[in-house]
Amino acid sequence: MSIHVKNNIHWVGQRDWEVRDFHGTEYKTHKGTSYNSYLIREGKNVLIDTVDHKFSREFVQNLAAEIDLASIDFVVINHAEEDHAGALTELMARIPDTPIYCTHNAIDSITGHHHHPEWNFQPVKTGDSLDIGNGKQLVFIETPMLHWPDSMMTYMTEDAVLFSNDAFGQHYCDEHLFNDEVDQTELMEQCQRYYANILTPFSPLVTAKIKEVLGFNLPVSMVATSHGIVWREDPTQIILKYLEWADQYQEDRITLFYDSMSNNTRMMADAIAQGIHEVDPGVAVKIFNVARHDKNEILTQVFRSKGILVGSSTMNNVMMPKVAGMLEEITGLRFRNKRASAFGSYGWTGGAVDRIQTRLMDAGFDISISLKAKWRPDGSALAECREHGRRLARQWALHPLEAPRPITTTQATVVPAPVMAKAPQATPAAGEWDDGQAMLCTVCQWVYDPALGEPDQLVAPGTPWAQVPDSFLCPGCGIGKEVFEPCAVEACV
Ligand code: FEO
């Protein structure tokens, strides 16, 4: 079966309603996918990409019903991964001498998968073109790492169709082929899931490549992807969306994910989320148990978030394995412009939280103070979790928040992690110094000057130290009031 795309272009791909796994089992395709192959019949007949290797036989049979295979003049392979070039062996067995246009890198990867170095490869570079008759040309644009080193796009002049391969696609299956025919919410969810889970590490390349392509000033009437729908209505919308997503994307959203041996870390997560919501009712907060929830959905939520909290019980002095796996994947995805904090319960050692915090730092997150709770959090511990949530909500706020109300906390069973390593230091009682007393952070030497206050934490100029909320965190090192000591402003600065 073929579907008319435009003029002399037809879709000759394969829908896959039932596929649930991609890249091993790392990407869950809850909405199926499609493998889009296109047949162009101009002065020359051109096939652009094939389908997944498991549909090789059906693909070649269907194609043979559409066109005499011997009349195919050129095959273009935009990308050698098996979901696009997988049917090449079956196809080339029927037309072994047909030229295959692909990047130089693709010769290596196609040969590596199909083991036919004798095929008639025609390597192309960005800007190379192929005359296909009727005044039309195919222009090639290398797109290395979108998604493999071999990737490229192919642009068809006159019809102004960009065959973009993986870029701008989605793992989404529908009987309709065009973007204006499908559920828009489903479509954009799948686009974002695809970008977040597959393309995030290559965001700087996405930006550079799109700007390069836009610099050609070519009209684009359609973006014909190799997965999911063809962008026919307002096709540049997905290109602009990619530019937005590639630019250190974030929403006013916080994601918490954890694994919990005895529900204690889950109790912490709930209480922290309550604290966040209390201080900043406008921020979106989502909580996930990594052992029970779709990993790709969690990663999509991380992609959308301005900050994440990662929790784990301590097990054998390390974090729980599913949390470790998530952190490994997050490290590989190379998220940027996001904040993070660790939390978790423990019994006799609290190794998990410290390891999570270190891993988050290594993954490039801007780290905030972490939180540990010993054994099952009691009422006081949960109050401290809520206060921790309030602190982070203020620290991570993207807009002005209401002034914090005073909170009485206890650290009997809950300890902000960085403080644990320090000997407790008594905070002088109010009245032990003048209202104009400056305070020195003994950890990083940052100075609180009452005349200036700390507007980023809603502490107004003129606020004496005694009236600074207990939730105050040093802007220099993120540690609380307990590490501050009186000093003279002149002596401190
Ligand atoms: Fe759809 Fe990179 O393969």
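Residues numbered from 1 in each chain as written. Predicted model: local features only at pLDDT ≥ 70, side-chain atom pairs only at ≥ 80, totals over all residues. Heavy atoms only, no water.

Quick rundown of the overall build of the protein? Include the residues and the values.
Regarding its fold elements, the protein presents 14 helices and 27 strands. Each principal axis of the C-alpha atoms in the protein carries an extent, and together these give about 95 × 45 × 40 Å. Buried positions account for 56% of the 493 residues belonging to the protein. Here the analysis covers contacts within the protein between residues at least 6 apart in sequence; of these, 70% occur between residues at least 24 apart. If you sum the accessible surface of the protein, you get close to 20400 Å²; carbon and sulfur atoms cover 50% of it. Computed over 41 positive and 64 negative side-chain charges, the separation of the two mean positions in the protein equals 5 Å. (Helix = DSSP H or I, 4+ residues; strand = E, 2+ residues; numbered from the N terminus. Buried < 20%, exposed > 50% of the residue type's maximum accessible area, 1.4 Å probe, protein only. Contact = heavy atoms within 4.5 Å. Areas by Shrake-Rupley, 256 points an atom, 1.4 Å probe, with all protein chains shown as cover. Lys, Arg positive; Asp, Glu negative; His and termini not counted. Charge placed at Lys NZ, Arg CZ, Asp CG, Glu CD.)

Please give an account of the nonpolar core that cites residues and values.
One finds L63, F168, Y242 and F257 to be the most contacted residues of the largest nonpolar core, which totals 86 residues. For this core, the element with the highest residue contribution is helix α5 (residues 184-199), accounting for 7 residues. Here this core spans two domains, since at least three of its residues come from each of domain 1 (3-247) and domain 2 (251-396). Every residue in contact with L63, bar those within four places of it in the chain, is listed here: V12, L39, L47, L69, I72 and L91. Counting 25 residues, the second-largest nonpolar core is a separate cluster that includes F74, Y101, F163 and F178. (Core = buried A, V, L, I, M, F, W, Y, C linked by side-chain atoms within 4.5 Å. Domains from an automatic or database assignment.)

Break down the packing of aromatic side chains for me, citing the residues and quoting the values.
For the coordinates displayed, the defined rule picks out 16 aromatic pairs. An angle of 80 degrees between the planes, with centres 6.4 Å apart, marks the rings of W245 and F303 as edge-to-face. Highlighted residues: W245 in helix α7 (residues 236-246) and F303 in helix α9 (residues 295-304), separated in sequence by 58 residues. For the pair formed by W245 and F303, the shared burial category is buried. Aromatic side chains W348 and W375 sit 6.1 Å apart centroid to centroid with 50 degrees between the ring planes, which places their arrangement in the tilted category. Pair noted here: W348 is in the loop between β21 (339-346) and α11 (351-362) and W375 is in the loop between β23 (371-374) and α12 (379-395), with a separation of 27 residues, a long-range link. Through a chain of ring-to-ring contacts, the aromatic side chains of F168, Y195, Y242, W245, Y249 and F303 assemble into a single cluster. Cation over ring: R232 sits above F178, and NZ or CZ is 4.0 Å from the ring centre. The ring of W465 is capped by K481, whose NZ or CZ atom sits 4.8 Å from the centre of that ring. (Phe/Tyr/Trp six-rings, centres within 6.5 Å; stacked < 30°, edge-to-face > 60°. Lys NZ or Arg CZ within 6 Å of the ring centre and 35° of its normal.)

Requested: an account of the UniProt feature "binding site: Fe cation 1" (unreviewed entry) in the protein, with residues and values cited.
Mapped onto the present numbering, the UniProt feature "binding site: Fe cation 1" (unreviewed entry) falls on H79, E81, H147 and D166. Judged by maximum C-alpha separation, these annotated positions cover 88 residues in sequence but sit close together in space, the widest gap being only 10.0 Å. Within the secondary structure layout, E81 lies in the loop between β9 (74-76) and α2 (82-85). Leave out the neighbours within four places in its chain, and E81 touches H23, G86, H147, W148 and D166. For E81, the side chain forms a polar contact with the side chain of H23, separated by 3.3 Å. With relative accessibility at 4%, the residue D166 sits in the buried group. Not counting residues up to four positions away in its chain, the partners in contact with D166 are H79, E81, D83, H84, L146, H147, Y194, S226 and H227. (UniProt positions renumbered as here; feature names shortened; annotations may be inferred. Polar contact = N/O pair within 3.5 Å; in protein donor to acceptor, adjacent residues only side chain to side chain.)

So what's going on with unusual backbone geometry? Which residues, and what values?
Phi at F168 takes a positive value of approximately 70 degrees, unusual for a residue other than glycine. Inspection of the secondary structure puts F168 in the loop between β15 (161-165) and α5. Residue N337 is not a glycine yet carries a positive backbone phi of 65 degrees. The topology assignment puts N337 in the loop between α10 (321-333) and β21. What makes N337 partly exposed here is its relative accessible area of 41%.

Account for the UniProt feature "binding site: Fe cation 2" (unreviewed entry) in the protein, naming residues and giving values.
Sites flagged by UniProt as "binding site: Fe cation 2" (unreviewed entry) map to D83, D166 and H227. In sequence the annotated residues extend across 145 residues, while in space they remain close, none of their C-alpha pairs exceeding 10.0 Å. Relative to the assigned elements, D166 resides in the loop between β15 and α5. Of note, H227 is situated in the loop between β16 (222-225) and β17 (230-231). When its relative accessible area of 1% is taken as the criterion, H227 is described as buried. Not counting the four nearest positions on each side in its chain, H227 is found in contact with F22, T33, S34, Y35, N36, D83, H84, D166, G169, Q170, H171 and Y194. A polar contact of 2.8 Å, which involves the side chain of H227, links it to the side chain of D83.

An account of the environment of F257 is requested, with residue identities and associated values reported.
Along the chain, F257 falls in strand β18 (residues 253-259). Taking the C-alpha atoms as reference, F257 lies 39 Å from T50; in sequence the two are 207 residues apart. Not counting the four nearest positions on each side in its chain, F257 is found in contact with F288, V290, I298, V302, I308, L309, V310, G311, M326, I330 and F343.

Give a detailed account of the pattern of salt bridges, specifying residues and quantitative values.
Summed over the entire model, instances satisfying the criterion amount to 24 salt bridges. D270 is the salt-bridge partner of R266, the closest N and O atoms lying 3.7 Å from each other. Of the two residues, R266 and D270 both sit in helix α8 (residues 264-279), 4 residues apart, roughly one turn of that helix. Residue D270 is classed as partly exposed on the basis of its relative accessible area of 30%. Between R339 and D366 there is a salt bridge, with the nearest N and O atoms lying 3.8 Å from each other. Pair noted here: R339 is in strand β21 and D366 is in strand β22 (residues 366-367), with a separation of 27 residues, a long-range link. R339 sits in the partly exposed class, given a relative accessible area of 24%. Its relative accessible area of 43% is what places D366 among the partly exposed residues. Three or more residues joined by partner-sharing salt bridges are found here, namely E26, K295 and E329. (Salt bridge = Lys/Arg side-chain N within 4 Å of Asp/Glu carboxyl O.)

Please set out the domain arrangement of the protein residue by residue, giving values where relevant.
The domains assigned to the protein are domain 1 (3-247), domain 2 (251-396) and domain 3 (439-486). Averaged C-alpha coordinates put domain 2 and domain 3 at centres separated by 25 Å. Each partner contributes to the interface: domain 2 provides 5 residues, whereas domain 3 provides 4 residues. For domain 2, the biggest contributors to the area lost against domain 3 are I369, R391 and R394; these three give 77% of the whole. Our count for the domain 2 to domain 3 interface comes out at 0 salt bridges. For the pair domain 2 and domain 3, the interface holds 1 residue pair in polar contact (both at pLDDT 80 or more). Residues belonging to the side of domain 2 that touches domain 3 are distributed by class as follows: 1 nonpolar, 1 polar and 3 charged. (Buried area = accessible area lost by both parts, 1.4 Å probe. Nonpolar A, V, L, I, M, F, W, Y, C, P; charged D, E, K, R; others polar.)

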